Amino acid sequence: MTSQRGVIGHYRLSETLENEKWCVVESVIISTKYRGLGYGSTLMQHCITLARSLSMEELYLSTKDKMAFYARLGFTSSTAVSILSKVNIIFRGKHSLVTASTGLPGVEWMSKDLVNL
């Protein structure tokens, strides 16, 4: 997400290993001075629209302290999923597998059904 002053927000979608129709939104961030102005909701609506356009059926995320924010967007508590990250392929020359950890204190996994909106 950009404004006339540059980038103000970001997210990344990654595949899950459990199901080819599931994805994980990672690295959701809004620049500090733009928080509380509705940009986070706008960014997440864009993410949901993109995931649906890619024929994804479920969207997952993990959060430490924004459960209420994501619940307002329709996310509910869920189990953790494994993430296949293709970041830095050029530098590493291979895919990097990141497995989600359910044992991290304070981390809540949430998901949103993209089929039955």
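My aim in this report is to walk through the structure given alongside it, one point at a time. (Residues numbered from 1 in each chain as written. Predicted model: local features only at pLDDT ≥ 70, side-chain atom pairs only at ≥ 80, totals over all residues. Heavy atoms only, no water.)

1. Here's the deal with the overall build of the protein
So, step 1. If you tally the helices and strands in the protein, you get three helices and nine strands.
So, step 2. Sequence-ordered secondary structure for the protein, helices as α and strands as β, is β-β-β-β-α-β-α-β-β-α-β-β.
So, step 3. Residues counted as buried form 32% of the 117 residues belonging to the protein.
So, step 4. Within the protein, contacts between residues separated by at least 24 positions form 65% of all contacts whose residues are at least 6 apart in sequence.
So, step 5. On the protein, roughly 7,500 Å² of surface is accessible, and the fraction owed to carbon and sulfur atoms is 52%. (Helix = DSSP H or I, 4+ residues; strand = E, 2+ residues; numbered from the N terminus. Buried < 20%, exposed > 50% of the residue type's maximum accessible area, 1.4 Å probe, protein only. Contact = heavy atoms within 4.5 Å. Areas by Shrake-Rupley, 256 points an atom, 1.4 Å probe, with all protein chains shown as cover.)

2. Topic: unusual backbone geometry
So, step 1. At S27, a position not held by glycine, the phi torsion is positive, near 55°.
So, step 2. Looking at where S27 falls in the secondary structure, it is placed in strand β4 (residues 22–30).
So, step 3. For S27, a relative accessible area of 40% translates into the label partly exposed.
So, step 4. Not every positive phi belongs to a glycine, and S55 is a case in point at roughly 65°.

3. Looking at the pattern of salt bridges
Two side chains that carry opposite charge are able to pair once their charged atoms sit near each other.
So, step 1. According to the stated counting rule, one finds one salt bridge in the structure shown.
So, step 2. The partner of R12 in a salt bridge is E26, with the nearest N and O atoms 3.4 Å apart. Taken together, the residues span a long stretch of sequence, with R12 in strand β3 (residues 9–16) and E26 in strand β4 at a distance of 14 residues.
So, step 3. Exposure remark for R12: the relative accessible area of 28% places this residue in the partly exposed category. (Salt bridge = Lys/Arg side-chain N within 4 Å of Asp/Glu carboxyl O.)

4. Observations regarding the side chain of T63
So, step 1. Along the chain, T63 turns up in strand β5 (residues 58–63).
So, step 2. A relative accessible area of 8% places T63 in the buried class.
So, step 3. In terms of polar contacts, T63 uses its side chain to reach the backbone amide nitrogen of D65, at 3.5 Å.
So, step 4. Discounting residues that sit within four places of it in the chain, T63 has contacts with Y70, G106, V107, E108 and M110. (Polar contact = N/O pair within 3.5 Å; in protein donor to acceptor, adjacent residues only side chain to side chain.)

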